[in-house]
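Next come the chains, spelled out residue by residue.
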Amino acid sequence: MFREVKNITCVGAGYVGGPTCAMIANKCPDIRVTVVDMNTEKIAQWNSDELPIYEPGLEEVVKTHRGKNLFFSSDVPKAIREADLIFISVNTPTKMYGRGKGMAPDLKYVESVARTIAEHAGGPKIVVEKSTVPVKAAESITTILREAQKHNADLHFQVLSNPEFLAEGTAMRDLSNPDRVLIGGESSPDGYEAVSHLVRVYEHWVDRSKIITTNTWSSELSKLAANAFLAQRISSINAISAICEATGADVGEVAHAVGHDSRIGGKFLQASVGFGGSCFQKDVLSLVYLCESLNLGKVANYWRGVIEINDWQRRRFADKIVGELFNTVAGKKIAMLGFSFKKNTGDTRESSAIYVGKHLLEECAELQFYDPKVSETQIRSELALVSGKESVDRLVKVHSSAYEACKGAHAIVILTEWDEFKTLDYKRIYTTMEHPSAVFDGRLILDKKMLRDLGFRVFAIGSAPDQAYNMFGTAGCGSGGDSSPNR
Ligand code: NAI
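Please read all numbers here as calculations on a predicted model, not as lab measurements.

Digging into the pairing of strand 14 (residues 457–460)
Side chains Arg457 and Phe459 project from strand 14 onto one buried face, and the interleaved Val458 and Ala460 project onto a second face that is buried too. In this fold, strand 13 (residues 438–441) hands off to helix 18 (residues 448–454), which returns the chain to strand 14; that crossover is right-handed.

Rendered as structure tokens:
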């Protein structure tokens, strides 16, 4: 029924659609890949020297294949007509209106793509959900497509679920060497055929043993479950970090000890100021909403706790900053290093920096931001959404280097684990700051002892204050027998 896949179209040229299609073009020279988006400006950027997203290794691959077997276009109908297989890779943000507001994913973009496909397909198409969607979303897409099929005998559709597990910052590595590829399809001969076509695309570079095929609903749920499990690990270690601060245990040591249990493993046990990004919060909330819709209140509450700990961790960190700066930050300059939700990406969606910034702006602190990959406009607009433009205009400055951001500040706050923050000349920075100078390490990337030796007061998540710094006479205390490890 379906032709061998020679033309792939991806609707949605974002953090998932762009890198995924660049990788397919790279690994499948016999396949022509077209990425389309309704945002014409974004498409123009994909066709320029300045790609719309930063991802290590992406630019090289795009520049090698663009115009050969990788194309970026805003002609959505044409790309749909020409495709054998269509990825739907549009955004599914948390809904901000109506039923499910603040929890359910907004599926209006997915639905609109399904309708566009129904209108312009013209022939048989395999339609693949790559966006993260709640269980049974494929059913709605199928209903829309089958309706079109009733009126046009040339049309024929199968809808597959193929969730994406890449992580921003390591997207190209994850795509090139995935832990697994998951493909869900209808349990019917037609469904199996469609699945086998997509399997053959991935087999160009992924070992068959790593390609897992399931029914559609298992595939959809597995994506939400995977993100919920990952977010839960971060909230778990962050909850432990609070106990560490209150007791003298060190969260780095606890994570190390716990993570060495092979049943648990060491990944995602780094305590921090909280997780961010476009997926974890949205997908856990989507799971919570799903549980509520299924009348599974206990399960909904269980997963909601993961989000609550994350919000609390951000608040706790901001409160700590205020507390340690003698209970007032009004009029004090604070250097905020990092704004993206993690290193090696310029993505700021749900970044913890936004919320820590918001709490400090409420206390009238003057915030001096620096991030190597996030523009001033982006920082200002994200903060304005939660704190209001007036407060941002009055209290926020954005600098083009960490050194500039730290000048005249009472404290440095590390919000993103960018490598360059580890190797800054803190001795030089110390001389340009107000004294006493404090460092709040929200990512556990700095050498506490070195900073204390320079004269900084140091607070790091998950260490008791007396281990983190000596409040009464910081300078030189590092030489006095402090043996806490510098994780
Ligand atoms: P994004 O916001 O970066 O990109 C989505 C793109 O879709 C936008 O450029 C938008 O203009 C376009 N779009 C929306 N409706 C359209 C329409 N009707 N026609 C044409 N273009 C349309 O989103 P991102 O981050 O790429 O995420 C896409 C999906 O993948 C989401 O469901 C997300 O949950 C999921 N995902 C995201 C990951 C990430 O790290 N960002 C990782 C794994 C999954």
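Topic: the confidence of the model for the protein
Residues at a pLDDT of 70 or more form 95% of the protein, whose mean pLDDT is 95. When the criterion is pLDDT under 50, residues 467–487 qualifies, and its contacts beyond four places in sequence or with other chains add up to 45 contacts.

Structural notes on the side chain of Ser131
With respect to the helices, strands and loops of the structure, Ser131 is situated in the loop between strand 5 (124–129) and helix 6 (137–151). Ser131 sits in the buried class, given a relative accessible area of 8%. Of note is the side chain of Ser131, whose polar atom sits 2.6 Å from the backbone oxygen of Val90. Excluding its chain neighbours within four sequence positions, the residues that come into contact with Ser131 are Ile88, Ser89, Val90, Thr92 and Val110.

Quick look at the UniProt feature "domain: UDP-glucose/GDP-mannose dehydrogenase C-terminal" (unreviewed entry) in the protein
The UniProt entry lists residues 335–448 under the feature "domain: UDP-glucose/GDP-mannose dehydrogenase C-terminal" (unreviewed entry), expressed in the numbering used here. Taken end to end, residues 335–448 is 38% helix and 17% strand, and its first and last C-alpha atoms sit 18 Å apart.

Thoughts on the packing of helix 1 (residues 17–27) against helix 3 (residues 58–65)
Closest axis-to-axis distance for the helix 1/helix 3 pair is 9 Å, and the angle between their directions is 55°. Regarding the angle of helix 1 to helix 3, the classification is oblique. Note that helix 1 runs across helix 3; the crossing there is left-handed. In this structure, helix 1 uses Pro19, Ala22, Ala25 and Asn26 to contact helix 3, whose residues at the interface are Leu58, Val61, Val62 and His65. Broken down by class, the residue content of the contact of helix 1 with helix 3 amounts to 6 nonpolar, 2 polar and no charged.

Concerning the pairing of strand 10 (residues 366–370)
Along a regular strand, successive side chains alternate from one face of the sheet to the other. Across the 5 residues of strand 10, 4 count as buried, placing the element largely inside the fold. In the classification by handedness, the crossover that spans strand 9 (residues 333–337), the intervening helix 13 (residues 352–362) and the parallel strand 10 is right-handed. In terms of strand pairing, strand 10 meets strand 11 (residues 396–398) through 3 bridges, oriented parallel. Counted as the bridge partner of Phe369 is Val398 from strand 11.

Some remarks on the state of the cysteines
Where two cysteines share a covalent bond between their sulfur atoms, that bond is called a disulfide. What the rule picks out here adds up to 0 disulfides. Here Cys28 is not cross-linked by a disulfide; its sulfur's nearest cysteine counterpart is in Cys21, at 10 Å. For Cys28, a relative accessible area of 0% gives the class buried. Cys279 provides the cysteine sulfur closest to Cys291, a residue in no disulfide bond, and the two sulfurs are 18 Å apart.

With respect to the packing of helix 5 (residues 108–120) against helix 6
At a minimum axis distance of 9 Å, the contact between helix 5 and helix 6 shows a crossing angle of 20°. Here helix 5 lies roughly parallel to helix 6, going by the angle between them. For the pair helix 5 and helix 6, the sense of crossing is right-handed. Here Val110, Glu111, Ala114, Arg115, Ile117 and Ala118 of helix 5 lie close against helix 6, whose contacting residues are Ile141, Ile144, Leu145 and Ala148. Classifying every residue of the contact of helix 5 with helix 6 gives 8 nonpolar, no polar and 2 charged.

Observations concerning the site of the ligand
In the vicinity of the ligand there are 26 residues, among which Asp37, Lys42, Thr92, Glu168 and Lys282 approach most closely. Separating an oxygen atom of the ligand from a backbone N or O atom of Val16 is a distance of 2.9 Å. Thr132 has a polar backbone atom sitting 2.9 Å from an oxygen atom of the ligand. When the ligand sits alone it has 830 Å² of accessible area, and the protein chains cover 92% of it. With 3 residues, helix 5 is the largest single contributor of residues to the shell around the ligand. Residue composition of the shell around the ligand, grouped by class: 9 nonpolar, 10 polar and 7 charged.

Describing the pattern of salt bridges
Under the criterion given, the structure shown has 32 salt bridges. In this structure, the salt-bridge partner of Glu245 is Arg316, at a minimum N-O distance of 2.7 Å. In this pair, Glu245 sits in helix 9 (residues 216–247) while Arg316 sits in helix 12 (residues 297–324), placing the two residues 71 residues apart along the sequence. Using a relative accessible area of 17% as the deciding quantity, one classes Arg316 as buried. One salt bridge connects Asp261 with Arg263, and the closest N-O pair in it is separated by 2.6 Å. Here Asp261 falls in the partly exposed class, since its relative accessible area comes to 22%. Relative accessible area serves as the criterion here: at 74%, Arg263 is assigned to the exposed category.

About the thresholds
Residues numbered from 1 in each chain as written. Predicted model: local features only at pLDDT ≥ 70, side-chain atom pairs only at ≥ 80, totals over all residues. Heavy atoms only, no water. Buried < 20%, exposed > 50% of the residue type's maximum accessible area, 1.4 Å probe, protein only. Helix = DSSP H or I, 4+ residues; strand = E, 2+ residues; numbered from the N terminus. Right-handed = clockwise from strand over helix to strand, strands pointing away. pLDDT = per-residue confidence, 0-100. Contact = heavy atoms within 4.5 Å. Polar contact = N/O pair within 3.5 Å; in protein donor to acceptor, adjacent residues only side chain to side chain. UniProt positions renumbered as here; feature names shortened; annotations may be inferred. Axes fitted to C-alpha atoms, helices over the stretch in contact; angles between N-to-C directions. Parallel < 35°, antiparallel > 145°, perpendicular 65-115°, else oblique. Left-handed = near helix turned anticlockwise from the far one by under 90°. Nonpolar A, V, L, I, M, F, W, Y, C, P; charged D, E, K, R; others polar. Pairing = 2+ DSSP bridges. Disulfide = S-S within 2.5 Å. Near = heavy atom within 4 Å. Areas by Shrake-Rupley, 256 points an atom, 1.4 Å probe, with all protein chains shown as cover. Salt bridge = Lys/Arg side-chain N within 4 Å of Asp/Glu carboxyl O.

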